[in-house]
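Structural overview for review
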Amino acid sequence: TQLLEQSPQFLSIQEGENLTVYCNSSSVFSSLQWYRQEPGEGPVLLVTVVTGGEVKKLKRLTFQFGDARKDSSLHITAAQPGDTGLYLCAGADTGNQFYFGTGTSLTVIP
Amino acid sequence: KAGVTQTPRYLIKTRGQQVTLSCSPISGHRSVSWYQQTPGQGLQFLFEYFSETQRNKGNFPGRFSGRQFSNSRSEMNVSTLELGDSALYLCASRPLGGGPDTQYFGPGTRLTVL
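This one's a predicted model, so the numbers in the text were calculated from it and none came from an experiment.

Some points on the overall build of chain A
Looking only at helices and strands, chain A features 0 helices and 11 strands. Along chain A, from the amino end to the carboxyl end, the secondary structure elements read β-β-β-β-β-β-β-β-β-β-β. For a compact globule of 110 residues, the expected C-alpha radius of gyration is about 13 Å, and chain A comes in at 13 Å, within 12% of that figure. For the C-alpha atoms alone, the extent of chain A along its principal axes is close to 40 × 30 × 20 Å. When the accessible surface of chain A is split by element, carbon and sulfur atoms take 49% of a total near 5100 Å².

Structure below.
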């Protein structure tokens, strides 16, 4: 059962543009993580959000956890080619089980 | 701290063979999880081990098995390999307890079944 849906699935933008990736679920999570993965490598943790409504910033990346802790968004400002990769969200339930989103493949064109 | 390490990084096997993959978690992390990643199915959870005991299990056939040693290192075994087992196998560790639970991934083992 896929608990987390990400949108869009694919995104191709020009360098300098802004973008938002969404991670939605009907389930409540105790925490949510965002990862970036490059081809042939393991996902690298970007952020963990815990509190409903929480906003975290990592340079040009802004992460938000929904008030009800069912959804999250990742906003990238002034995208750069180095942002290219597969973005994955993952939610942890109260039983410490993780559920991964379907992934968003981002390509930033120089 | 050193990150999660996985060996080997690449592996080529033929149908019917078996394979063992190894994972060393971050020092102090006692939980190790295994995932299979394919282009069509995304990241699929295989199982999780904690203190040498399987804690959670995904929806995979019995050909997929694992174990964890007293030093938290883990191995995953796939018997009677099928073409569809070709995938990137990822290991992730986490400390369990002491704050929000977060997994840290290794670089993966790319398994190709011919």
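Structure shown, so let's carry the discussion forward.
Considerations on the interface of chain B and chain A
Reports often express the size of an interface as the amount of accessible area lost when the parts come together. The interface of chain B with chain A comprises 21 residues on the first partner and 18 residues on the second. When chain B packs against chain A, the two sides together hide about 1500 Å² of surface, and 51% of this comes from carbon and sulfur. The tally of links between chain B and chain A comes to 1 salt bridge. A:Glu41 is paired through a salt bridge with B:Arg9; the nearest N and O atoms lie 3.5 Å apart. Here chain B and chain A share 5 residue pairs in polar contact (both at pLDDT 80 or more) between them. At the level of secondary structure, the elements contributing two or more residues to the side of chain B that touches chain A comprise strand E4 (31-38), strand E5 (42-50), strand E6 (53-57), strand E9 (87-94) and strand E10 (104-105) of chain B.

Digging into the state of the cysteines
All names here are of chain B. Per the counting criterion, the structure on display carries 2 disulfides over all chains. With a sulfur-sulfur separation of 1.7 Å, Cys-23 is cross-linked through a disulfide to Cys-91. As the torsion about the S-S bond is roughly -50°, the Cys-23-Cys-91 disulfide counts as left-handed. With a gap of 68 residues between them, Cys-23 in strand E3 (residues 19-24) and Cys-91 in strand E9 connect regions that are remote in the sequence. Among the residues examined, Cys-23 registers a relative accessible area of 0% and is labelled buried. Relative accessible area serves as the criterion here: at 0%, Cys-91 is assigned to the buried category.

Describing the sheet that holds strand E7 (residues 64-68) of chain B
All names here are of chain B. On the basis of which strands lie adjacent, the open sheet formed by 4 strands has the order E1-E3-E8-E7 and antiparallel pairing. Each edge of the sheet is formed by a strand with only one pairing partner; in this case those strands are strand E1 (5-7) and E7. Pairwise comparison of adjacent strand axes, ignoring direction, gives a mean angle of 20° for this sheet. Strand direction decides the pairing type here: E3 and strand E8 (residues 74-78), joined by 5 bridges, are antiparallel. Opposite Ser-22, over in E8, you have Glu-75 as the bridge partner.

Structural notes on the environment of B:Leu11
All names here are of chain B. Structurally, Leu-11 can be placed in strand E2 (residues 10-13). Taking C-alpha positions, Leu-11 is 27 Å from Thr-53, a pair spaced 42 residues apart along the chain. With residues near it in sequence (within four places) discarded, Leu-11 still touches Val-19, Leu-21, Arg-110, Leu-111 and Thr-112.

Definitions and cut-offs
Residues numbered from 1 in each chain as written. Chains lettered and ligands numbered in written order. Predicted model: local features only at pLDDT ≥ 70, side-chain atom pairs only at ≥ 80, totals over all residues. Heavy atoms only, no water. Helix = DSSP H or I, 4+ residues; strand = E, 2+ residues; numbered from the N terminus. Rg over C-alpha atoms; globule rule 2.2 N^0.38 Å. Areas by Shrake-Rupley, 256 points an atom, 1.4 Å probe, with all protein chains shown as cover. Contact = heavy atoms within 4.5 Å. Buried area = accessible area lost by both parts, 1.4 Å probe. Salt bridge = Lys/Arg side-chain N within 4 Å of Asp/Glu carboxyl O. Polar contact = N/O pair within 3.5 Å; in protein donor to acceptor, adjacent residues only side chain to side chain. Disulfide = S-S within 2.5 Å. Buried < 20%, exposed > 50% of the residue type's maximum accessible area, 1.4 Å probe, protein only. Pairing = 2+ DSSP bridges. Axes fitted to C-alpha atoms, helices over the stretch in contact; angles between N-to-C directions.

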